[in-house]
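# Architecture at a glance
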Amino acid sequence: MILVVSALAEELAPLAKRIAGRRRVPAPHGVAASGLEGRLGGVTLRLVATGAGHARASSGLRRLLEGDGWCCERMILVGVAGGLDPRLAKGDVVRVGRVLRLDAAGEIATAPAERRLGGDAGGLALTVDRIVAAASEKESLWRRLGEPRAAVVDMESFHWVTTLAELAAPPDHTILRAVSDAAEVSLPSFLPHCVGAGGEISRARVAARSLTSPSSVPALLRLRRDVHAAAVRLADAVEGLV
């Protein structure tokens, strides 16, 4: 069985539509949603979303791997991301080979080196605990890191890798990130203020902010479409791997 994990159910929705014989599988206690199991290309896949943010990424992944009946031969961790490398276009998929974290104090940490992902040719992901909305900040982060510069910015990859490194025998794993907002694209400026202490995104806050900033609604609708398009590309990439 291959376990496919994301933060948000929307990131798995296009892949879920492609698997045959779909059935619900109860997730371990503490995981945000139930799993979905089926077959794709003769391979059994189990899909599950842990919930957004660093807290759920760590605890959800650990509970999955320690839960009864969730033992897997291989794991593919997927999600959308912001583009940092200006050469990446919307929908491009990056197979992550190295992960860094930018903490709240602005310090950069390196994920455990012994758990390499995707080989030396893999892209570099920078994990932050908030949404990077402004194109100018994306450019600043990209330039700050020097060579090799980060390809994408996300909110979970570092925490996934760190959690896996703490396990005695982690499954083989791959991280795939699809660009939902390219480097030159700015998101509504209030989005970073809609993220909770655990990195979770409050949709209620987003809705409330959009009511007071109606000019942001077209950008939010565009982002929703772009997230779906990126999720379709992730489904293509997963199908290619299995």
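This report concerns the structure included in the present document. (Residues numbered from 1 in each chain as written. Predicted model: local features only at pLDDT ≥ 70, side-chain atom pairs only at ≥ 80, totals over all residues. Heavy atoms only, no water.)

## Here's the deal with the overall build of the protein chain
Helices and strands together make up the secondary structure of the protein chain, namely six helices and ten strands. Relative to the globule expectation of 18 Å for 242 residues, the C-alpha radius of gyration of the protein chain, 17 Å, shows essentially globular dimensions. Dimensions of the protein chain, computed from the C-alpha atoms along their principal axes, are close to 45 × 40 × 30 Å. For the protein chain, buried positions account for 51% of its 242 residues. In the protein chain, the share of contacts with a sequence separation of at least 24, taken over all contacts with a separation of at least 6, comes to 74%. Charged side chains of the protein chain number 31 positive and 26 negative; the gap between the two group centres comes to 5 Å. (Helix = DSSP H or I, 4+ residues; strand = E, 2+ residues; numbered from the N terminus. Rg over C-alpha atoms; globule rule 2.2 N^0.38 Å. Buried < 20%, exposed > 50% of the residue type's maximum accessible area, 1.4 Å probe, protein only. Contact = heavy atoms within 4.5 Å. Lys, Arg positive; Asp, Glu negative; His and termini not counted. Charge placed at Lys NZ, Arg CZ, Asp CG, Glu CD.)

## Remarks on the side chain of Glu37
For Glu37, the position within the fold is in strand β3 (residues 35-40). Among the residues examined, Glu37 registers a relative accessible area of 14% and is labelled buried. At a separation of 2.5 Å, a polar atom in the side chain of Glu37 contacts the side chain of Arg46. (Polar contact = N/O pair within 3.5 Å; in protein donor to acceptor, adjacent residues only side chain to side chain.)

## Re the environment of Ala57
With respect to the element layout, Ala57 can be found in helix α2 (residues 54-66). Classification of Ala57 as buried rests on a relative accessible area of 1%. Note: C-alpha distance between Ala57 and Val31 (26 residues apart in sequence) is 9.5 Å. Ignoring sequence-local partners within four residues, the contact set of Ala57 consists of Thr50, Gly51, Glu156, His159 and Trp160.

## What to know about the pattern of salt bridges
Within the structure shown, the criterion is met by 15 salt bridges. A salt bridge links Arg18 to Glu239; its shortest N-O distance comes to 2.8 Å. In this pair, Arg18 sits in the loop between α1 (13-16) and β2 (20-25) while Glu239 sits in helix α6 (residues 217-241), placing the two residues 221 residues apart along the sequence. For Arg18, a relative accessible area of 30% corresponds to the partly exposed category. Judged by its relative accessible area of 38%, Glu239 falls in the partly exposed class. Of the charged contacts in the structure, one is a salt bridge between Arg62 and Glu166, with a shortest N-O distance of 2.4 Å. Remark: Glu166 occurs in the loop between α4 (157-165) and β10 (172-181) and Arg62 occurs in helix α2; sequence separation between them is 104 residues. Taking the relative accessible area as the measure of exposure, Arg62 reaches 25% and is therefore partly exposed. The exposed category is assigned to Glu166, whose relative accessible area is 52%. When salt bridges that share partners are traced, they join Arg18, Asp236 and Glu239 into one network. (Salt bridge = Lys/Arg side-chain N within 4 Å of Asp/Glu carboxyl O.)

## Quick notes on the environment of Val152
Of note, Val152 is situated in strand β9 (residues 152-154). For Val152, a relative accessible area of 0% translates into the label buried. Put simply, Val152 and Ala81 are 71 residues apart on the chain and 6.0 Å apart in space, counted from C-alpha to C-alpha. If we skip the residues at most four places from it in the chain, Val152 touches Ala81, Gly82, Leu84, Leu88, Val94, Leu124, Ala125, Leu126, Arg177 and Val179.

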